Every structure is written in C-alpha cells, then in structure tokens.
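# Survey of secondary and tertiary structure
One letter stands for each residue in the lines below.
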Amino acid sequence: MKEYDFVVIGSGIAGLSFALKVAKQGSVAVVTKRKGADTNTAWAQGGIACVTSDEDSFELHVRDTIEAGAGLCNEPVVRTIVTEGPERIRELMSLGLQFDQREVSGHRELDLGKEGGHSKRRVLHVRDATGKEIEDTLLGELGRQSHVDLLENHMAVDLITAAKVGFAAEDRCLGVYILDERTGEVETIRSDRIVLATGGCGKVYLYTTNPDIATGDGVAMAWRAGAEIANMEFIQFHPTCLFHVQAKSFLISEAVRGESGILRNNRGEDFMKRYDARGSLAPRDIVARAIDAEIKRSGAKCVFLDITHKAPEFIRERFPHIYETCLRFGIDMSKQPIPVVPAAHYQCGGIKTDVNGVTSLPGLYAIGEVACTGLHGANRLASNSLLEGLVVAHRAAVASKHAGSGSKRHISLPEWKSGNVQDVDEMVVIYHNWDEIRRLMWDYVGIVRTDKRLQRAGARLRNLQREIREFYWNFKISVDLLELRNLATVAALIVDSALNRKESRGLHYTLDYPETQDKQFKRNTILRRD
Ligand code: SIN
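These numbers were taken from a predicted model, which means no experiment stands behind them.

Rules used throughout
- Residues numbered from 1 in each chain as written.
- Predicted model: local features only at pLDDT ≥ 70, side-chain atom pairs only at ≥ 80, totals over all residues.
- Heavy atoms only, no water.
- Near = heavy atom within 4 Å.
- Polar contact = N/O pair within 3.5 Å; in protein donor to acceptor, adjacent residues only side chain to side chain.
- Areas by Shrake-Rupley, 256 points an atom, 1.4 Å probe, with all protein chains shown as cover.
- Nonpolar A, V, L, I, M, F, W, Y, C, P; charged D, E, K, R; others polar.
- Pairing = 2+ DSSP bridges.
- Helix = DSSP H or I, 4+ residues; strand = E, 2+ residues; numbered from the N terminus.
- Axes fitted to C-alpha atoms, helices over the stretch in contact; angles between N-to-C directions.
- Parallel < 35°, antiparallel > 145°, perpendicular 65-115°, else oblique.
- Left-handed = near helix turned anticlockwise from the far one by under 90°.
- Contact = heavy atoms within 4.5 Å.
- Buried < 20%, exposed > 50% of the residue type's maximum accessible area, 1.4 Å probe, protein only.
- Phe/Tyr/Trp six-rings, centres within 6.5 Å; stacked < 30°, edge-to-face > 60°.
- Salt bridge = Lys/Arg side-chain N within 4 Å of Asp/Glu carboxyl O.

### Some words on the site of the ligand
Around the ligand, the structure places Gln 45, Gly 46, Glu 115, His 238, Leu 251, Ser 253, Glu 254, Arg 284, His 345, Arg 380, Ala 382 and Ser 383. The separation between an oxygen atom of the ligand and a polar side-chain atom of Ser 253 is 2.6 Å. Here an oxygen atom of the ligand and a side-chain polar atom of Arg 284 are 2.9 Å apart. Across the complex, the protein chains shield 94% of the 260 Å² of accessible surface that the ligand would expose by itself. Considering only residue class, the shell around the ligand consists of two nonpolar, six polar and four charged.

Spelled out as structure tokens, the structure:
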C-alpha cells in the first residue's frame, strides 16, 4: 500500500495550484485519469475575471457576481474570492504566465476582455487559449517538484472512509482506491488529506463544451462517501457551442460577444434585444433560454454568431484558436456568421464546501468546479471559475496544513476486491447505457424543465443505476464502467435536486413553476446519502 501526505485527484487549475502549494509540506500524489493536461482548464478560452484596473472595483465585481447568482450567492465567500484574486494572479504571473497586454498612451497595460454580466472589462486572457497557457505553466512548475508524483492514466474508484471500515461514529476520509489503467490493478492509497479537483460533469449531457474527462467523478465519489452535495440543479448551458456535424464540443467563447459579436436567428434578426435590454451580452441563463426558444419557435437547427463587422486582422489576432478551428470546418468567421447552439458547460453546484475547500467529511477537500463554495449561486458569472480555483486552492493548502488524522492512523485499510470477468459482449451494454443517460438528460433535464419530464428521467435513471450496480460487482472494473457509474449517479443527483426546487431561479427554469419563490426557495438544495 502506498501512502502520501496529500492526494490530489484532478490536474486542472485547482488541483495543480493546491499541489504546488503543499509540495514543500510533505509527499503529494496528483492522480489524473488521462494525461496531466487533459482537463477542463486546458479548454477554457475566455480567461480569469479579476479586478486589476483603476476603472473597476471589488465592489462592482462582487455586485456583478451576486446579480448573476440570482439570490443564492454566499456574499462573504464572493468577497473573499474577489478580493484575494489579485494576489493569486500575481503568483501565477510570477511562474511565467503572460496575460495579453495592449498599448495605451505610450505604456503597456493588461488587455481586459468583457463577458456577459460583467459591468466592466476585467477578464485577463492569453488570446483565446487562456486555459491552455495556465495548464502548461502549472504543469511545467509541477515537473520541477521533487515531492510530487504525477500519476497519469490512474482513475480514482472510491474513497475509503472510517465508516466504511467499521468506525462510523467518527467518520473521516482515510484513503482512496485507484485503478491503474495500464495494469488493470486497483491500488490502495492511504492519505488523510484527499483533495477532489476533478472538474465538472458536462458529459452527462448529449451536447457539451466539456472534454471527455468531465464525467462527474468527484461528486459521485463524495456522494458515495456520505459528503453533502449542494445545488446540482444549476447546470450552466453555454449559449454558443459550434454547430457542425463533425465538430465535437467546440466552444465559441463569450469573449466573441464581448468584442461586439451579435446573435442572429435564421432570418438574420438580432433577436436577443427582444429578450433582454443587454442583447447578446445578457447573462448566460437568459441567452441560452432565448436561443432555445428561438430554435423551438423557428424549427431551425441553430442560431448564428456574427462578428463579420470587425476587421479580419482583429479577429485573427484576438481569436486565433477559434478562427483556425472554424476554418477547419469550412467557416471563415471574418466573412460569415458562425452556426451555434447552447451546450452543457458548467456545474454550478457540487460537493458542499466552505471557502477553504473543507467538505462535510473530515479529511476530504474539494476545490474548483467539483465544489460548491457559494460563489456561483444559481448562475455563475463568466470567467469567475478559474479565479475560484486559484483562490480556494490556496486557502485549502493553508487549511489542510495541520489537519492530519492523528488517532485514526492505526486503522488498517482493506485491499480492493474485484469481480474477475471481463465480458466483451457486455461492453455494448455499457456504451448503450452511457448514450441513453446523455440523451435522456438532454431531452428531459435541459435548459427548460417540467416535473413530468424530470420524473420520467428519474425513473429511467433508477433502472439504469440498478443495471450498472450489477456490472460493477460482477465484472472487472474499467474506466468506461467507472465513468458510467459516476455519470448515472450525478445525473440522478441533478434530477433529484431539480425536483426539489419548485420554482424557477437562475439556471433552473421549469414551466410548472415559472416564478422565483424567495419565501420558500431562497436556499441551497442539499442532498446527502442516507
Ligand atoms: C467562454 O470563453 O465563453 C467561457 C468562459 C467561462 O465559461 O467562464
């Protein structure tokens, strides 16, 4: 059995920032199920929202965040993250990351982007590939640390808790089972500080802007271990995912609308003005719902994002990644509008934590998209998530410093027991179930919901979960099976949370209860396994 002072599961901005902070305090394992850079972070285009200009203020950033959050943001958490942001950004820059700058009256200053819901320009970016630059910078730094093992192609199976090994009265996290994908063996790793930084769950939906790794692993594991899960009904749909038969999950950044891109319907109308005075740059929940309505009303397959009024040189310089990718699919965005549709993008709920990443299960921390700190409320303000990842990773590193398990170290951890059969015939059932979950979530638990559709989804998911449980205990586990099990769990949590909220608020919109009901529902939805 291996043992580490800290085990970090996930290698995006939050996991890597945490690992770098604690690398001097003890041994660290960073566990990641593909390559180190296969993360949501690496796909982030827009940037990091942070107050850096004299024309901006913490107060305005706090206000914009709370307004987008539709009554459910935790204000002290918002203030902490917003005000501690600049210091964390300086640290990131000290590692060599260079945000884009521009020339103003003879001197250089940060070039700040604008996105929906922001009253000021405040998004730091590296052209349209900010996440990739951050990921490369942090991974480069991690490679220089001698106390950190980066375990690629290793997938966490389940957390080991005191309750699971017979000490229910004083439950805490004691370790984790990890599948080594190359050998197929499951290793037991002991650690009294496990950090979940596994990102979100976009793959639970048929259409998503997320990479394939986004299968809700952290929330599912935390749920099985008995930690509290909050606000899973609030799934953010990004309004503009490229619509093209061969393009899978390609985001067209909100920064395109920030630079005056206009959404048009199939008749060429700037339709957003009919839905919100802020037009194409209204908050995402409003824009995604408006596009959904426009598509349903017209029977068209998509709407269009038009930035052809800007100079082609500006477009190529500011959005090189988007420009090149669209061109590969035969779309020259400097000459023609880009076909777009909404797609699942961000999980605003997650494992309930405080602003230090502390969960309800001692020894377990959660940071980044997998966590619900209270920053996003019912709708995340664009580009606030990388900021949250940085700030909360730092605070979790401080909080976990002296938080070892002490008296629980004598408890021995059982080795993993696995079913032995790998029946290839059954693989088809795994893929079928995977597809079924993603389609039913898209059709029944999408941008606009009803109780009837949610109940139907819930019933089907319970059947699927029963089938998956059978596989899980009878067959040798694989990444596909583990991801399927996690997707089904997270899908059920989204449905149960949505059924609990008999109102519409932020990203949760239901035709049965179209109004916001502050009296009854201005509160978080908390689920915990019995
Ligand atoms: C985008 O570039 O539109 C994504 C930014 C975000 O989701 O925060």
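### As for the sheet that holds strand β1 (residues 2-3)
A sheet is described by the order of its strands in space; here four strands give the open sequence β1-β11-β10-β9, paired in mixed fashion. Strands with a single pairing partner mark the edges of an open sheet, and in this sheet they are β1 and β9 (154-161). In the sheet, β9 pairs with strand β10 (residues 173-180) via seven bridges, with the strands oriented antiparallel. For Ala 156, the partnering residue across the bridge sits in β10 and is Ile 178.

### Details of the packing of helix α13 (residues 451-474) against helix α14 (residues 479-500)
Here α13 crosses α14 at 155°, and the two axes come no closer than 9 Å. In this view, α13 runs roughly antiparallel relative to α14, as classed from their interaxial angle. For α13 against α14, the interelement crossing comes out left-handed. Mapping the contact onto sequence places Asp 451, Leu 454, Gln 455, Ala 457, Gly 458, Leu 461, Arg 462, Gln 465, Ile 468, Phe 471 and Tyr 472 in α13 and Leu 481, Leu 482, Leu 484, Arg 485, Ala 488, Thr 489, Ala 491, Ala 492, Val 495, Asp 496, Ala 498 and Leu 499 in α14. Of the residues in the contact of α13 with α14, the class split is 15 nonpolar, four polar and four charged.

### Observations concerning the sheet that holds strand β13 (residues 229-230)
In spatial order, the strands read β20-β18-β13-β21; together these four strands make up an open sheet with mixed pairing. Both edges of this open sheet fall to β20 (371-372) and β21 (526-527), since each of them pairs with a single strand only. Sheet topology note: the β13/β21 ladder contains two bridges and is antiparallel. By the bridge assignment, Ala 230 is partnered in β21 with Ile 526. Packing of helix α6 (residues 217-224) onto the sheet brings it into contact with β13, β18 (350-352) and β21, and relative to β18 it is tilted by some 45°.

### Overview of helix α10 (residues 320-328)
Ile 322, Tyr 323, Thr 325 and Cys 326 are the residues of α10 that are buried. Contacts from the buried residues of α10 go to β14 (235-242), α7 (254-258), α9 (312-318) and β17 (338-347). Directly after α10, the chain includes Gly 330, whose backbone phi takes a positive value near 80°.

### Thoughts on the pairing of β10
For β10, a buried count of eight out of eight residues is recorded, marking the element as mostly surrounded by other parts of the structure. By the bridge criterion, five bridges tie β10 to strand β11 (residues 186-190) in an arrangement that is antiparallel. Residue pairing for β11: Ile 178 is matched across the bridge by Glu 187. Hairpin connection between β10 and β11: a loop of five residues separates the two successive antiparallel strands, and Gly 184 in this loop has a positive phi of roughly 80°.

### A look at the environment of Ser 146
For Ser 146, the position within the fold is in the loop between α5 (130-143) and β8 (148-151). Given the relative accessible area of 69%, Ser 146 is considered exposed. The spatial distance from the C-alpha of Ser 146 to the C-alpha of Val 28 is 9.6 Å, given a sequence separation of 118 residues.

### Overview of the packing of aromatic side chains
One pass over the structure, following the stated rule, counts eight aromatic pairs. Look at Phe 6 and Phe 18: their rings are 5.9 Å apart centre to centre, the planes differ by 70°, and that puts the pair in the edge-to-face class. Remark: Phe 18 occurs in helix α1 (residues 13-22) and Phe 6 occurs in strand β2 (residues 6-9); sequence separation between them is 12 residues. Take Phe 6 and Phe 18: they sit in the same class, and that class is buried. An angle of 75° between the planes, with centres 5.2 Å apart, marks the rings of Tyr 205 and Phe 237 as edge-to-face. Separated by 32 residues along the polypeptide, Tyr 205 in the loop between β12 (194-196) and α6 and Phe 237 in strand β14 bring together distant segments of the chain.

### Considerations on the side chain of Lys 203
Relative to the elements of secondary structure, Lys 203 occurs in the loop between β12 and α6. A relative accessible area of 4% means that Lys 203 is categorised as buried. Those residues within four positions of Lys 203 in sequence are excluded, and the remaining contacts are Thr 208, Asn 210, Pro 211, Asp 212, Ala 214, Thr 215, Lys 248, Arg 438 and Leu 487.

### Here we look at the pattern of salt bridges
For the coordinates displayed, the defined rule picks out 49 salt bridges. Here Arg 501 makes a salt bridge to Glu 233, at a shortest N to O gap of 2.6 Å. Here the residue Arg 501 occupies a position in the loop between α14 and α15 (518-521), and Glu 233 occupies one in the loop between β13 and β14, the gap between them amounting to 268 residues. What makes Arg 501 buried here is its relative accessible area of 1%. The exposure class assigned to Glu 233 is buried, which follows from its relative accessible area of 0%. Connected via shared salt-bridge partners are Glu 233, Arg 501, Glu 503, Arg 505 and Asp 518.

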